[in-house]
Structures are given as structure tokens and as C-alpha cells.
Amino acid sequence: MPIATSVQLVGEYAEEAPGPSGIGLAAGAEARLWRALHAEAGLQAGASGEPSPVGAAWAGLRLYPAPPSRERALLSVGAALGGGWRGDPVPHAWTGAAVEAPLRAGPAIRVEAGYRFDLPGTDGASFLRVGLVSRPRGPAATPEPAPVVASTGPPAPEEAPPPPPRRFEPEGALVWIPHPWCEWVPASQAHALLGSLPGDTRVEVLAPGYLPTVADSGGGDVRLAPAPRQGTVVVVGSPGDRFRVGDADLPPSPSGVAVAAVPEGPVAVEVLGGGRGETLEGAVGAGYALWLRASRPPPVEVRFAEGSAQLSGVDRRRIADMAARRGDAGFDVVGSASADGTPDGNTRLADARARAVADALVAAGVPDEHVRVLPPVAGDPASDPTGDRFARIQLRSTP
Amino acid sequence: MILSLAHLALAADHHVVRPGDTLSAIASSRGLSVEALRVANGLAPTATPEAGTVLLVPGAPDHGRGAVCVALTGTARALPPGGAEVPLAAGASVTAGTTVCTDADSFLTLRLPTARAGGAHDEISLVARTCLTLDASSVGADRSSLVTVTRGEVSVRAAEGDDAATVTVRTPSGVTTGERGGFRVTAEEGAARTEALHAPVEVLGGGVRRDLDAGYGSRTRTGEAPGEPVALPPPGDPERPGHGETLLRPDFAWAPAARALGYRIELAASADFSRVLLVEEVSTPSWQPEALLLPFRVPGIWWRVSSFDRTGFLGVPSAARPVAFPPGVGP
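Residues numbered from 1 in each chain as written. Chains lettered and ligands numbered in written order. Predicted model: local features only at pLDDT ≥ 70, side-chain atom pairs only at ≥ 80, totals over all residues. Heavy atoms only, no water.

J.: Would you take a moment to explain helix 3 (residues 343-363) of chain A for this structure?
T.: A turn of α-helix holds 3.6 residues, and therefore any two residues three or four places apart point the same way. Residue and element names in this part refer to chain A. Across its 21 residues, helix 3 extends 30 Å between first and last C-alpha, which sits within 8% of the 30 Å expected from 1.5 Å per residue. Listing the buried residues of helix 3 in full gives N346, L349, A350, R353, A354, A356, V357, A358, A360 and L361. Where helix 3 ends, the next residue or the one after it, G365, has phi of about 110°, a positive value. (Helix = DSSP H or I, 4+ residues; strand = E, 2+ residues; numbered from the N terminus. Expected span 1.5 Å × (residues − 1). Buried < 20%, exposed > 50% of the residue type's maximum accessible area, 1.4 Å probe, protein only.)

Here it is as C-alpha cells:
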């Protein structure tokens, strides 16, 4: 039978009666070690006797509520009986083992170690204990015999057939078994555990592709309703863009338009390419197609000082950032110069500026074949409306 | 004459004026106030109906037949007479006397009673935020329907088949009657706007009847005669996406139309636009939505465009253009 183990941390204060015995009140927290982690807090009262300086026996009553996530606080009551070794005089260490038998859960075995100390201003003994609690996951008790009911009809069979195993659809569903197991178990194993719970205990059932369902532990077969079917997202970007829908990267699309099936509800799409990165958000219903349009890649200008083809550090960082957000796009680089000066000189200057930007793109990681230097435009009056102090380079994403 | 007998043959909610009848006497005999009778017929306070005039009698619905909600996009509500408001679903019946209201971004089409299975029928489409009361309807040789629009806009589609049918749309400001559908009525603030799209209609207001040819509109202010007919603005010729083209990028464009202040683009899941999915109004002859949501479990997607002028008259829609979903869209 599988064992569920938890760790327990308990603080206790005991008012000791004259003589080697006392009665204490304890509060603690318990956290599961495996899978479903939860905490419990409760009260524990007990009395201990010290028949000898090296031994002790104690009995306690333990109350603790069900995990707080459950709809109802299922209060469990348990009795514990244990023994251990106590040093003398105080302070001393405490070790012990106990068997607990909560009324609404299976038996538990507790092994603990602690330390006794005296709190300032108190007369009693204080304990801090850490324990390991192990409980079987299976049902604790055998099924109760069927009640005898007086009847005038035909005699009932002597032994009622066991109820058929509860079926879950789909079979791969997981069932949350509440306190004291607090486990997700496969549906095939859930039947045996559910039989030990009160019939009105609410259990959750989950399965991929189905709606989460809450059912009574004592109910009949549980059939999950299929989750709503999916919708579709059509991401409208630019050639060379990369798309990420939810956690999935979409294959590259030469057209810049990608289609992805998504679950019903909110959807986030990341678009990377052409020197930009953005997130598009929307919501899609089952059976609907949602077109989401990304912005167009903006042209980027790099300005130079008069007569110079030298890139500034700021522009190098801008170009590197653009390269990092290029997606699968390449770049066309066009240089220009003002109309002042000789045509040949301006053409050479424009070409040098374009090549400086192209070199910066390649240096930032863009493959050389993805950078294209177009013939320079010299003397373009539109290139610099403010005069001859600057020229500009335009970068354009290309398929 | 306010309405001709040939154009209105409602069994339970009309009254033919006889010599000597007065509005007060008619109203009294029907258990109505003079004001209710006057408003229902677009009569001026001082108007006296001539003998032979057919008056619409409000609040006398024929409960024998109702309409059927054949298409619904979004949400709508139905308020049956004497009942509680309930959500309306596609396929639901709407009994006579029921008021139907569409919510924001919602579109609904009611199919009016049919005389026989597979026979002719009329359909009334409601745009978003429209309230319509199905007052009366009858079937047979004189198939006719009467509805009241208190808010929003309705379009009456031309009847299928050869059977001529009369559909009368009342608003607080005027009455429009069309024999073969193909018209649109909008309840405006203190007025009613009628647009005869595909067939002539009669407009009644302030005790005056006006005939409208197809392609013309008229505005009737409360208590006044219908305004002079105005030519409706022509539609823009759809350019892209082309006929049957894949809707890869939702870029819609059409040729600019003369006298157009703006344009209305409609997307529907049926070629006759009985199942409208989306209506958008823009000021330029193109539309590139940032986001577009369309159901994919539909026979197809059609779009069309119409233009409206500075006075608010909305013209005849363009021909419907089908578009296809991109590969991969769907279950």
C-alpha cells in the first residue's frame, strides 16, 4: 500500500503537575513532502507521565482541519499514544514514536525528535518538535457490513455484491482525493480511495481536453464534458517575421502570415522581425478565427556628421538591437549624401555610409548574404531637409 | 388616402374609416386613446382621416402566428407580452406582440411567417441596439406583417418567390410599407428615415403619404409629412479582397463613391446577408482592422459596402463578394 509522508513541526507548552507528569497544549503545522503540498494547523493536547528518568509515555488528542483548499473544513480527530526517552534534568532532548488513529482518516505513524526548553516567564515546559508522519494512502477501514433491514418481500441475498468500480470518462482522468491523502491519483486507482470517504465529499476530476469537474465521492460514474473546441489565430505580420503563439513557435512563413490553433480564451502573440518586437493580445472563442495585425517594420534612419561615414556608439547599439530583432528578414541599406560638394564625392560618401551600416549589421550577427547595399543616392534633396550637416541611411526589412 | 387597401391587409389590427368616423370614435371603439391611434398612423393632431382610409390599430396583435429567429450574432433579448424578458436564441420562435432587442455588436434576422412549407417568406434584419415589436402577421393570399421599431435600424429583405407580401414598419415618427421588401427603416431621434433600396415603398407621416422609388430615401419628422425624396448615395465598387480571394490579410478597399461622407462595410455568413457577423463604419474607402474575429464554422464569408451621405442616408449596398479562409483556419 502506498505511503504518504509529511513533515510536522510542533510547538508545545506543557504545564507540569507536581511530580513527573504534565499536561500540555501544542500547535503545529504539517506540510506534505510529495506532490500536493499543503499545510495543516491544529491543536494537540496530551498528558505525559514519567515513570522513570529515561522513559516517558504520553497520550494525546489531536484535532486538525482539512486542507484549506477544500470546500468544507473536514475536522479530523485523532488519538495518539506514544513513548520516548527524556533526559533529566531539563533541558533535554525528546525523541518519540506514536501511532495515531484519527477518526476520519487512516492510522498514522509519527516519529519525532524535539528539544525541551524553558520559556522565560513561564513555569511549564516548552517543546519544539519536528516529526515525520506517515499514513497509508489506501482506505483505513474495511467496509462496514450492510445494515439489516426488515422486509416482507423476498429474502435478500445473504451477501450484497460489491458495488461495481466507479468509471471515469475519460479513463486517463486524474482525481483529487482530499484529506487525509491530498493526492491526484489516476482514475483507475480512485475508486478504492473514494470508498473510504464520506459520500458527500467533493472531489475534483481533471483530464486534458475536458472541463474540470467536481463530483461527490459517493456518486455514480463521472463523465467529463469535453472542453470547448479550439479557435484559430491568424497572425498578420511582414515577410521574415517570426511568431510565437502562447508557448509555441510557429514555422516561418514567407508571406508573413501564420495560422495557429489556440484554446478558447485570451491569446498572446509575439512578433519578432524587421527590427521590431511586439506582443499582440486578443481573445478568441471556440470556432472563431481571430486575425491579429502586427505593426509594419519601421524604416530606421542613421544620421552622420557632415562629410563623415563614421557610426556613433549609439547608432551601433541601435543597429545591433535591430539585428537582434530581425526575425528572418534581411536588410537593404541605402546611403545618401547632401547635394553640396561634387557628385562623385557625394556618391562615394553615400556608399561609405551604407557600407558602414552594413558592416555594423554583419558585426551584430546578421548573415552577410542577408545584407544588401543598394546603389547610393547622392544629392537627394529629400535626404536632408535641414541642410548639408547630415545624411541618412534607411534600413528596410526584405523577404 | 393614408394607406391603400391593397397595400395593407392585416386581419386584426386595421380599421377602414367610414364616412362620419372620427379619430376619437375609432379610438374609443378600439379601447385606445386618440393619441395612440394618431401616433401609430403618423397623423397630425388636427388630421381627420378620409373615408376609406385604413388605420393601423396599435395593440391589437394577431397572436396566431409569430416569427422565427433564423440568425443571431451576439446576444438579443425577447420580451413576450405579459411575460418576463428572456435571452433569444437562433431557432427560437417569436410570438406576435413580442418585443425583440439586440445588444451591442449583435445582429439578428427574423423570418416572418410562411404560407406553406418552402414557400415565400420575408425577413427582417436588426442591426445592433435595435428594438422591434412584432405586432401582427398573417399568411395566405394577403400575407402581411406589421412591426414597430422604437430604436435602431431594420432592413426588410425582398420576399423570396413570386408571392407579393406587404411588410409595414412603424416607428414613433412614421410608417413605411413595402410590398416586396427591399427597404430599410431607421428610428432616429424625433424622426424616421426610410431608404427604398430595391423596391418602391410608401411612407406615411403627418397624415400624408409619399411614394418612394427604389434608390431614394425620405426622412419623416414626428407629426410632419415625409420629406422630399433624396437620391441615395451610390455604393463604392469593391476592389479588394477580390471575388473568392483568400482573406489572408484583412485589407478591404473599394472605390470612392460620390457624395459619400463615409462607408459601411458589412461581413456576413450568408450571401443574402441574413446572417450578419460584423458591421463597421469608416470615413475612408478602405478598412484595415487591427483585429478581426469571424466564426469559421459557416458556409462562407461575404462582404459588401454601402455609403452614407452628409444627411445620414445610407445607400444601396454593393454586390456581395465572397472571401475564403486561409488554409489552416478551422477545426
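Once the structure has been displayed, the description carries forward.
J.: Where do I start with a nonpolar patch on the surface in this structure?
T.: A surface patch of nonpolar side chains, about 260 Å² in accessible area, is lined by L9, L128 and V130 of chain A. With respect to the secondary-structure elements, V130 of chain A resides in strand 8 (residues 125-136). (Patch = residues over 30% accessible without salt bridge, like charges linked within 9 Å, V, L, I, M, F, W, Y side chains within 5 Å. Areas by Shrake-Rupley, 256 points an atom, 1.4 Å probe, with all protein chains shown as cover. Salt bridge = Lys/Arg side-chain N within 4 Å of Asp/Glu carboxyl O.)

J.: Can you walk me through the state of the cysteines in this structure?
T.: Working definition of a disulfide: a covalent bond connecting the sulfur atoms of two cysteines. Residues and elements named next belong to chain B. Considering all chains together, one arrives at one disulfide over all chains under this definition. For C101, the disulfide goes to C131, at an S-S distance of 1.9 Å. Across the S-S bond linking C101 and C131, the dihedral sits near 110°, which makes this disulfide right-handed. In this pair, C101 is assigned in strand 7 (residues 99-102) and C131 in strand 10 (residues 131-138), connecting sequence segments 30 residues apart. What makes C101 buried here is its relative accessible area of 10%. (Disulfide = S-S within 2.5 Å.)

J.: Whenever I open this one, the nonpolar core confuses me. Can you help?
T.: Note that soluble globular proteins tend to have their nonpolar side chains buried in a common cluster. All names here are of chain B. Counting 28 residues, the largest nonpolar core has L88, L108, I124, L132, V154 and V169 as its most contacted members. With four residues, strand 11 (residues 144-157) is the largest single contributor of residues to this core. With near-sequence residues (within four places) excluded, V154 lies in contact with I124, S125, L126, T130, L132, V149, V169, F183, R184 and V185. (Core = buried A, V, L, I, M, F, W, Y, C linked by side-chain atoms within 4.5 Å. Contact = heavy atoms within 4.5 Å.)

J.: Before we go on, may I ask you to explain the interface of chain B and chain A in this structure?
T.: Facing the 21 residues of chain B at the interface are 23 residues of chain A. Of the roughly 1,700 Å² buried between chain B and chain A, counting both surfaces, carbon and sulfur atoms make up 56%. On the chain B side of the contact with chain A, R249, L293 and R297 of chain B bury the most area, a combined 31% of that side's loss. The interface formed by chain B and chain A contains one salt bridge. Linking chain B with chain A are 10 residue pairs in polar contact (both at pLDDT 80 or more), by the criterion used here. Of the residues belonging to the side of chain B that touches chain A, the class tally is 14 nonpolar, three polar and four charged. Direction of pairing for strand 21 (residues 288-293) of chain A relative to strand 25 (residues 291-295) of chain B: antiparallel, over a ladder of five bridges. Bridge pairing in strand 25 of chain B places Y288 of chain A opposite P295 of chain B. (Buried area = accessible area lost by both parts, 1.4 Å probe. Polar contact = N/O pair within 3.5 Å; in protein donor to acceptor, adjacent residues only side chain to side chain. Nonpolar A, V, L, I, M, F, W, Y, C, P; charged D, E, K, R; others polar. Pairing = 2+ DSSP bridges.)

J.: I tried to follow the packing of helix 2 (residues 313-324) of chain A against helix 3 of chain A on my own but got confused; where do I start?
T.: Geometry of a packed helix pair, given as the angle between the helix axes and the separation of the axes. Residues and elements named next belong to chain A. Across the interface, helix 2 lies against helix 3 with an axial gap of 9 Å and an inter-helix angle of 55°. Considering the angle they form, helix 2 stands oblique to helix 3. Note on packing geometry: the crossing formed by helix 2 with helix 3 is right-handed. Contact with helix 2, carried on its side by R316, I319 and A323, involves V357, A360 and L361 of helix 3 and no other residues of that element. (Axes fitted to C-alpha atoms, helices over the stretch in contact; angles between N-to-C directions. Parallel < 35°, antiparallel > 145°, perpendicular 65-115°, else oblique. Left-handed = near helix turned anticlockwise from the far one by under 90°.)

J.: What is the right way to read the sheet that holds strand 15 (residues 231-236) of chain A from this model?
T.: Strands in a sheet are paired, the pairing made by backbone hydrogen bonds, and the direction either parallel or antiparallel. Taken together, the four strands give an open sheet; going across it, the order is 18(A)-15(A)-21(A)-25(B), and neighbouring strands pair in mixed fashion. Edge positions in the sheet fall to strand 18 (257-262) of chain A together with strand 25 of chain B, since each has one partner strand and no second. Between one strand and the next, the sheet's axes are offset by a mean angle of 20°, whatever the strand orientation.

J.: Could you clarify how one ought to interpret the environment of V149 of chain B in this entry?
T.: All names here are of chain B. By the element assignment, V149 lies in strand 11. Note on V149: relative accessible area 0%, which makes it buried. Sequence-wise, V149 and C101 are 48 residues apart; in three dimensions their C-alpha atoms are separated by 9.8 Å. Excluding its chain neighbours within four sequence positions, the residues that come into contact with V149 are T130, C131, L132, V154, V169, R170, T171, P172 and A187.

J.: What is the right way to look at the sheet that holds strand 24 (residues 286-287) of chain B in this model?
T.: Residues and elements named next belong to chain B. Strand order in the open sheet formed by three strands is 20-21-24, with antiparallel pairing between adjacent strands. Pairing within the sheet leaves two strands with one partner each, and these edge strands are strand 20 (238-240) and strand 24. With two bridges joining them, strand 20 and strand 21 (residues 252-254) adopt antiparallel strand pairing. Looking across to strand 21, one finds that P238 is bridged to W254.

J.: Whenever I open this one, the environment of E280 of chain B confuses me. Can you help?
T.: Residue and element names in this part refer to chain B. Here E280 shows up in strand 23 (residues 276-282). For E280, a relative accessible area of 32% translates into the label partly exposed. Taking the C-alpha atoms as reference points, E280 and I265, separated by 15 residues in sequence, lie 5.4 Å from one another. Sequence-distant contacts of E280, defined by excluding residues within four places in its chain, comprise Y263, R264, I265 and W287.

J.: Looking at this structure, how should I read the packing of aromatic side chains?
T.: Ring pairs (aromatic) are described by centroid distance and by the angle formed between their planes. Residues and elements named next belong to chain B. Per the counting criterion, the structure on display carries six aromatic pairs over all chains. A centroid spacing of 6.3 Å and a plane angle of 50° characterise the contact between W254 and W303, whose relative ring orientation is tilted. Here W303 lies in strand 26 (residues 301-308) and W254 lies in strand 21, a separation of 49 residues in the sequence. Of the two residues examined, W254 and W303, each falls in the buried class. Aromatic ring contacts, followed pair by pair, group F252, W254, Y263, W287 and W303 into a single cluster. Over the aromatic face of F313 sits the side chain of R219, whose NZ or CZ is 4.9 Å from the ring centroid. One Lys or Arg, R304, reaches over the ring of F273 and ends 4.0 Å from the middle of that ring. (Phe/Tyr/Trp six-rings, centres within 6.5 Å; stacked < 30°, edge-to-face > 60°. Lys NZ or Arg CZ within 6 Å of the ring centre and 35° of its normal.)

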